[in-house]
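Single-letter residue listing:
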Amino acid sequence: MKREVVVAAAVTTAATLVGLAVFFRHWRRRSERRWRQVRRILRNLAWCSATTAAKLWDVANELACDMEAGEKGGGNNIRLLVSYLAPLPTGDEKGTFYGINLRGTNFLILRARLQGKNEPVTELHKQEIAIPTAIMANADSTRELCDLIGLELSKFISQHSETDNEAQTRERKLGFTVSYPINEDPASSGIASKWNRLSVDDTVGKELVAEINEAFKKHGVDMRVFAVVNDTVGDLAGGRYYSKETVAAVSLGMGTNVSYIESPEQVLNEPSNPAETVINMEWGNFNSFNLPLTEYDTSLDAESLDPGNRIFEKLISGMYLGEIVRRVLLKMAQEAALFGDSVPPKLTIPYSLRSPDMAAMHQDTSEDYEVVEEKLKEIFDINDSTPMAREIVTEICDIVAERGARLVGAGIVGIVKKMGRVENRKSVITIEGGLYDHYRIFRNYLHSSVWEILGDEHSDNVIIEHSHGGSGAGSIFLAASQTHKNAHS
Ligand code: ADP
Ligand code: MG
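Computed from a predicted model, the values in this text were never measured in an experiment.

Rules used throughout
Residues numbered from 1 in each chain as written. Chains lettered and ligands numbered in written order. Predicted model: local features only at pLDDT ≥ 70, side-chain atom pairs only at ≥ 80, totals over all residues. Heavy atoms only, no water. Helix = DSSP H or I, 4+ residues; strand = E, 2+ residues; numbered from the N terminus. Expected span 1.5 Å × (residues − 1). Buried < 20%, exposed > 50% of the residue type's maximum accessible area, 1.4 Å probe, protein only. Arc of directions from axis to C-beta. Near = heavy atom within 4 Å. Polar contact = N/O pair within 3.5 Å; in protein donor to acceptor, adjacent residues only side chain to side chain. Nonpolar A, V, L, I, M, F, W, Y, C, P; charged D, E, K, R; others polar. Axes fitted to C-alpha atoms, helices over the stretch in contact; angles between N-to-C directions. Parallel < 35°, antiparallel > 145°, perpendicular 65-115°, else oblique. Contact = heavy atoms within 4.5 Å. Pairing = 2+ DSSP bridges. Salt bridge = Lys/Arg side-chain N within 4 Å of Asp/Glu carboxyl O.

Asker: What exactly am I supposed to notice about helix H2 (residues 53-71) here?
Answerer: Think of an α-helix as turning once every 3.6 residues; residues three or four places apart then point the same way. Over its 19 residues, H2 extends 27 Å from the first C-alpha to the last, a length consistent with the 27 Å expected when each residue adds 1.5 Å. Among the residues of H2, Leu56, Val59, Ala60, Leu63, Ala64, Asp66, Met67 and Gly70 are the ones counted as buried. The buried residues of H2 all sit within an arc of 160° when viewed along its axis, so they share a single face. Summarising the geometry of H2, the exposed residues directed more than 90 degrees from the buried face are Ala54 and Cys65.

Set out below in structure tokens:
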């Protein structure tokens with residue numbers, strides 16, 4: 001090879017190397033800048049979402065004050081409805097009981113046998129029946145709905161014979177609960193929107209009771225409905241069946257709701273007066289400047305169907321957790337190219353990240369975050385995420401879940417505080433719902449926050465229990481409470 005050729009080749013190679021080095025340095029700088037930006041957004045999220053014990057106490061105290069004011073008739077965000085004025089179960093009830101749990105697009109028929117408080121629910125039968133769209137969409141179709149319930153219940157009874165020896169001789173008891181659905185499906189908004197505010201003196205509830213009893217008669221069902229109540233009232237009855245110290249029931253699924261016993265001391269100290277006042281509190285509506293809101297919550301709320309409302313629910317419930325995470329990811333994709341130079345189009349679709357997928361990513365323990373990789377592909381069509389980006393995803397999930405769970409803990413402490421039971425009494429709170437049941441890290445954060453807020457001295461006084469019998473089973477315990485003399489005159 002001639003010398004000139006060799007020199008030329010060497011020069012070219014050197015130039016290429018220099019070029020590559022420049023390119024690499026530039027790329028590295030850009031990449032470092034992006035990562036700094038990602039970290040900055042993450043730190044800011046963590047900072048704005050922080051829930052110190054002091055902050056949680058502020059939230060708890062404020063909820064307690066709002067409850068106090070609400071019970072005295074003062075107006076504020078949370079809605080308090082007297083929902084049940086009758087004895088709750090004592091735990092001594094035995095026998096086979098029936099329940100109906102009316103939900104957004106379907107209803108459950110339940111039957112179970114109770115054999116005392118130290119025994120689990122047995123012989124639980126559940127049947128889910130879809131409500132036809134024509135009935136759901138029409139707010140004036142209560143009669144048709146009740147007719148369907150009566151018909152299906154009569155079929156259910158004839159198909160499931162009772163093994164309980166005394167069942168034939170005893171009057172059958174049935175409890176009726178309604179789960180107010182968070183409105184995802186506009187088709188369900190007709191009749192379901194009527195069940196939003198069930199209280200003891202409510203006309204919609206009374207209409208439902210009258211129609212149901214009429215339909216039972218028509219279909220030869222030998223049962224009577226005395227009250228239609230929110231499903232958390234049923235959960236509270238279930239909690240009470242197992243422990244007389246149960247004072248509140250929380251539902252934590254797609255949405256959130258609470259029922260609690262007004263002045264439990266009064267009730268427990270006066271066993272001669274068996275009727276208890278159960279209040280259904282729409283705590284999802286709670287709002288306070290102490291809530292740790294971020295820019296993502298503000299934009300989520302502004303773009304929601306009910307801006308300015310249900311702020312607490314938008315921080316803690318299953319409907320919203322994934323959406324908050326998606327908003328943070330979108331910002332990181334737009335401002336820091338978390339998923340490469342272009343923003344993945346599907347990341348811009350609201351509510352595309354659901355909380356079960358968020359939980360699956362958050363709880364991914366594989367070395368390279370394989371579950372996160374899979375979910376990013378499946379949900380957002382992101383096919384080339386880096387392990388570092390996946391780690392960031394799990395950190396965002398952690399911040400959002402931790403904040404939500406700890407706020408639930410603060411809310412629970414607020415309720416117990418309002419009852420004056422933090423220092424000197426045991427209080428059992430029963431929790432039901434898909435978010436609590438299936439999101440292990442969320443549940444752990446919730447439990448540990450209560451312990452942290454109350455400290456060693458008082459944390460043993462608040463016991464959080466999983467609700468008994470699963471979704472809808474509260475209706476069975478309400479049925480059980482009807483065995484008491486003077487109940488539901
Ligand atoms: P609701 O009665 O409020 O409609 P459920 O109690 O039936 O809701 O719970 C369903 C909700 O729970 C889902 O919408 C979801 O938000 C949440 N959820 C269910 N499974 C999981 C899971 N594995 N991880 C996290 N959240 C879950
Ligand atoms: Mg539910």
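Asker: Got a minute to help me understand the site of ligand 1 in this structure?
Answerer: Ligand 1 sits among Gly253, Met254, Gly255, Gly318, Ser355, Pro356, Ala359, Gly433, Gly434, Leu435, His438 and Tyr439. One of the backbone nitrogen or oxygen atoms of glycine 255 is found 3.4 Å away from an oxygen atom of ligand 1. A distance of 2.9 Å separates an oxygen atom of ligand 1 from a polar atom in the side chain of serine 355. Secondary structure elements with two or more residues in the shell around ligand 1: helix H12 (355-362) and helix H15 (434-438). Classifying every residue of the shell around ligand 1 gives 5 nonpolar, 7 polar and no charged.

Asker: Help me understand the packing of H2 against helix H16 (residues 440-458), please; the structure alone is not making it clear to me.
Answerer: If you want to describe how two helices pack, look at the angle between their axes and the distance between the axes. Look at H2 against H16: their axes get within 9 Å of each other, and the N-to-C directions meet at 90°. Considered as vectors, H2 and H16 are oriented roughly perpendicular to each other. Of the residues in H16, those touching H2 at Ala53, Leu56 and Trp57 are Ser449, Glu452, Ile453 and Leu454. Tallied by class, the residues present in the contact of H2 with H16 amount to 5 nonpolar, 1 polar and 1 charged.

Asker: Mind showing me how you'd approach the sheet that holds strand S2 (residues 94-102) here?
Answerer: In a beta sheet, neighbouring strands pair by backbone hydrogen bonds and run either parallel or antiparallel. On the basis of which strands lie adjacent, the open sheet formed by 5 strands has the order S4-S3-S2-S5-S6 and mixed pairing. In the strand order of this sheet, the two ends are held by strand S4 (122-130) and strand S6 (228-230), each with one partner. Within the sheet, the average angular offset between the axes of one strand and its neighbour, ignoring direction, is 25°. With 3 bridges connecting them, strand S5 (residues 174-178) and S6 associate as parallel partners. Paired with threonine 177 across the two strands is valine 229, which belongs to S6.

Asker: Can you help me understand the side chain of serine 259 in this one?
Answerer: With respect to the helices and strands, the residue serine 259 is situated in strand S8 (residues 256-261). In this structure the side chain of serine 259 is engaged in a polar contact, spanning 2.7 Å, whose partner is the side chain of threonine 232. Here serine 259 is in contact with Thr232, Val233, Leu236, Val247, Ala248, Ala249, Val278, Ile279 and Asn280, once residues within four sequence places are set aside.

Asker: Quick question: what am I supposed to make of the pairing of S2 here?
Answerer: Along any regular strand, the residues point their side chains to alternate faces of the sheet. Among the 9 residues that make up S2, 8 are buried, leaving the element largely enclosed by the rest of the structure. Sheet topology places S2 next to strand S3 (residues 106-115); 9 bridges connect them, and they run antiparallel. From the neighbouring strand, threonine 96 faces S3, where its bridge partner is arginine 113. Note: S2 against S5, 5 bridges, orientation parallel. Note on S5: the bridge partner recorded for asparagine 101 is threonine 177.

Asker: Help me understand helix H7 (residues 231-242) in this model?
Answerer: Its 12 residues place the ends of H7 17 Å apart at the C-alpha level, agreeing with the 16 Å of an ideal helix rising 1.5 Å per residue. Burial analysis of H7 places 12 of its 12 residues in the buried class, the great majority of the element. Three or more residues of H7 are buried, namely Asp231, Thr232, Val233, Gly234, Asp235, Leu236, Ala237, Gly238, Gly239, Arg240, Tyr241 and Tyr242.

Asker: Can you help me understand unusual backbone geometry in this one?
Answerer: Phi is mostly negative for residues that are not glycine, and the peptide bonds are mostly trans. We note that tyrosine 369 has phi near 55°; this positive angle belongs to a residue other than glycine. As for its placement among the helices and strands, tyrosine 369 is situated in the loop between H12 and helix H13 (370-380). Even without being a glycine, aspartate 381 presents a positive backbone phi close to 55°. Structurally, the position occupied by aspartate 381 is in the loop between H13 and helix H14 (387-418). Exposure remark for aspartate 381: the relative accessible area of 46% places this residue in the partly exposed category.

Asker: Please explain the environment of alanine 210 as it appears in this structure.
Answerer: In this structure, alanine 210 sits in helix H6 (residues 203-218). Residue class for alanine 210 comes out partly exposed when judged on its relative accessible area of 46%. Separated by 14 residues in the primary sequence, alanine 210 and arginine 224 have C-alpha atoms spaced 9.6 Å apart.

Asker: How should the sheet that holds strand S7 (residues 246-252) be read in this particular structure?
Answerer: Within the open sheet, the 6 strands sit side by side as S1-S9-S8-S7-S10-S11. Their pairing is mixed. Bordering the open sheet on either side are strand S1 (79-86) and strand S11 (462-466), each of which pairs with just one other strand. Across this sheet, the average inter-strand angle for adjacent strands is 20°, counted without regard to direction. Bridge analysis of S7 against strand S10 (residues 427-432) gives 5 bridges, and the strand direction is parallel. Counterpart to valine 250 in the pairing with S10 is isoleucine 431. Lying on the sheet, H14 is in contact with S7, S8, strand S9 (276-282), S10 and S11; it crosses S10 at an angle near 140°. Contacts between H16 and the sheet are confined to S7, S10 and S11, with S11 contributing the most and set at about 160° to the helix.

Asker: What exactly am I supposed to notice about the pattern of salt bridges here?
Answerer: Between side chains of opposite charge, a pair can form as their charged atoms come close. All told, the structure shown has 30 salt bridges when counted by the stated rule. Two residues, aspartate 306 and lysine 314, come together in a salt bridge whose shortest N-O distance is 2.9 Å. Residue classification places lysine 314 among the buried residues on the basis of a relative accessible area of 5%. The shortest N-O distance in the salt bridge between arginine 354 and aspartate 357 comes to 3.5 Å. When salt bridges with common partners are traced through the structure, they connect Arg79, Glu282, Arg310 and Glu313 into a single cluster.

Just distances and angles here, no functional claims.
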